[in-house]
Amino acid sequence: MAIDLTYAPEVVALIEKTRDFTRNVVLPIEDEHAGDIAVAGGDAIRIEMQAAAKEAGVFAPHAPIEYGGHGLNMSDRAPVFEEAGYSLFGPTALNIAAPDEGNVHMLAHVANEAQKQQFLAPLASGDMRSAFAMTEPAPGAGSDPSALNTRAEKVPGGWKINGKKWFITGADGAGFFIIMARTSGEPGQRGGATMFLTPTDTAGLIVGRHIDTLDKSMIGGHCEVTFEDLFVPDEAVLGEVDQGFAYAQVRLGPARMTHVMRWLGAARRGHDVAVARVAEREGFGSKLGDLGMIQKMVADNEIDIAASRALLVQACFELDQGGHASNATSIAKTYAAEAIFRIVDRSIQMCGGIGVSGDLPLARLSREVRPFRVYDGPSEVHRWAIAKRVVGAAKRAAREESK
């Protein structure tokens, strides 16, 4: 049976509109401010770009139709998100940047109707931003979520949360938080986590300093957040008590893939800039693009782009079939995170001195894509998980054969 990798006409039209909008409206804003969203104006520029995206008909391609989005599945999101990611500000303009995009996805799947009206509706429309608070300073939850240390204690009418988080993307200026806190068990034990929804202006929720990181394009920074006797009512529980880790999987697999989509677009831009330069720049008696060493870098970039897309397509297909796609998303995320950095790094190398300057966007692209090898699970953790699944399957097969 033939495999159909084409897109429906309405998706193709959205891809094309997103490409035009990103390159003609968003890229000039990014270039003017060297890819720093805070310098560009933070929420003010976000609101301006999102208004333009709505007018262009490209806003919120991922959000449910009933909340003003296009309702695309994971497979159809891939080329649209990639086109938006061609600019570092593109995802913010379309309201598909982290963490809001992943939070929209999870709320659509897990939240009850009242929670959708209070939190999902304004998030999907761009009237509010959000934050997802899981990562903690050592020895708390990081790559190992079972180390979750923030605790929620049951009190009359609700829960009282105490703990500290850090590297919470978008925390400064978020309208609400999704908080991961331990409601049973001890750090190091699997399970026992619960998700809570709470407005940011609730007493006991304290957004602290911005942690200075390489990347500058994510609005609201990466912040320290403290919970001091933060009270949340029973209706603030997202899903069921003690099921937070299970719900996190609803978010994490798709969010890893949308990161791949967006940053693949950024890598493509870097590649396009480099290819345009080596096609015209002369040195050593010919165009640089006619030299074997440069051609190898161009070809390797093309291979990495194609391979990243292929792994992304496979993972998105599995997600759309209703599976967790744990192995497929780990493979795609690990390969793409490293390939995207290689693409941008080769592009810098091809451009020489101007490649590391502010005259081209390559240096800032490198700054932005490098953290992807850490965000959403370091490459080493994904490799460990992939190997554990494969070896575990082999052990189970051996046991079956021995019966």
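For the structure, check the block above.
Model, not experiment: these values are computed from the prediction. (Residues numbered from 1 in each chain as written. Predicted model: local features only at pLDDT ≥ 70, side-chain atom pairs only at ≥ 80, totals over all residues. Heavy atoms only, no water.)

For the pattern of salt bridges, give the residues involved together with the corresponding values.
It is possible for side chains bearing opposite charge to pair when their charged atoms get close. Enumeration over the complete set of coordinates arrives at 24 salt bridges. Glu282 is the salt-bridge partner of Lys287, the closest N and O atoms lying 3.3 Å from each other. Accessibility expressed as a relative area gives 27% for Lys287, which makes it partly exposed. On the accessibility criterion, Glu282 (53% relative accessible area) is exposed. For Asp300, the salt bridge is made with Lys296, and the minimal N-O distance between the two is 2.6 Å. You can see Asp300 and its partner Lys296 sitting in helix 9 (residues 292-320), four residues apart, about one turn around the helix. (Salt bridge = Lys/Arg side-chain N within 4 Å of Asp/Glu carboxyl O. Buried < 20%, exposed > 50% of the residue type's maximum accessible area, 1.4 Å probe, protein only. Helix = DSSP H or I, 4+ residues; strand = E, 2+ residues; numbered from the N terminus.)

Give a detailed account of the packing of helix 8 (residues 244-280) against helix 11 (residues 362-369), specifying residues and quantitative values.
What describes two packed helices is the angle between their axes and the distance between those same axes. The interhelical angle for the contact between helix 8 and helix 11, taken along N-to-C directions, is 155°, at an axis separation of 10 Å. Regarding the angle of helix 8 to helix 11, the classification is roughly antiparallel. Considering the relative orientation of helix 8 and helix 11, their crossing is left-handed. Of the residues in helix 11, those touching helix 8 at Trp263, Ala266, Arg269, Gly270 and Val273 are Leu362, Arg364, Leu365, Glu368 and Val369. (Axes fitted to C-alpha atoms, helices over the stretch in contact; angles between N-to-C directions. Parallel < 35°, antiparallel > 145°, perpendicular 65-115°, else oblique. Left-handed = near helix turned anticlockwise from the far one by under 90°. Contact = heavy atoms within 4.5 Å.)

Break down the packing of helix 8 against helix 10 (residues 326-351) for me, citing the residues and quoting the values.
Packing of helix 8 against helix 10 leaves a shortest axis separation of 9 Å and a crossing angle of 20°. Between helix 8 and helix 10, the angle falls in the class roughly parallel. Both helix 8 and helix 10 take part in a crossing whose hand is left-handed. On helix 10, the residues touching Gly253, Arg256, Met257, Val260, Trp263, Leu264, Ala267, Gly270, His271, Ala274, Arg277 and Val278 of helix 8 are Thr329, Ala332, Lys333, Ala336, Ile340, Ile343, Val344, Ser347, Met350 and Cys351. Its residues assigned to classes, the contact of helix 8 with helix 10 shows 14 nonpolar, five polar and three charged. (Nonpolar A, V, L, I, M, F, W, Y, C, P; charged D, E, K, R; others polar.)

I'd like a rundown of the packing of aromatic side chains, residues and numbers included.
Tallied over the entire structure, the rule returns four aromatic pairs. Taking 4.8 Å as the distance between ring centres and 50° as the angle between the ring planes, the aromatic pair formed by Trp263 and Phe372 counts as tilted. Here Phe372 lies in the loop between helix 11 and helix 12 (379-402) and Trp263 lies in helix 8, a separation of 109 residues in the sequence. The exposure class assigned to Trp263 is buried, which follows from its relative accessible area of 7%. (Phe/Tyr/Trp six-rings, centres within 6.5 Å; stacked < 30°, edge-to-face > 60°.)

How would you sum up the side chain of Glu30? Please name residues and give values.
Relative to the elements of secondary structure, Glu30 occurs in helix 1 (residues 9-32). Those residues in contact with Glu30 that sit more than four places away from it in its chain are Gly35, Ser87, Leu88, Phe89, Arg269 and Arg364.

How would you summarise the pairing of strand 5 (residues 193-199) if you had to cite specific residues and measurements?
Here strand 5 lies mainly inside the structure; six of its seven residues are buried. Note that strand 4 (residues 176-182) and strand 5 share seven bridges and pair antiparallel. Looking at the pairing, Met180 lines up with Met195 of strand 5. Relative to strand 8 (residues 237-238), strand 5 is paired through two bridges, and the arrangement is antiparallel. Paired with Phe196 across the bridge in strand 8 is Val237. (Pairing = 2+ DSSP bridges.)

All we've got here are geometric facts, nothing functional implied.
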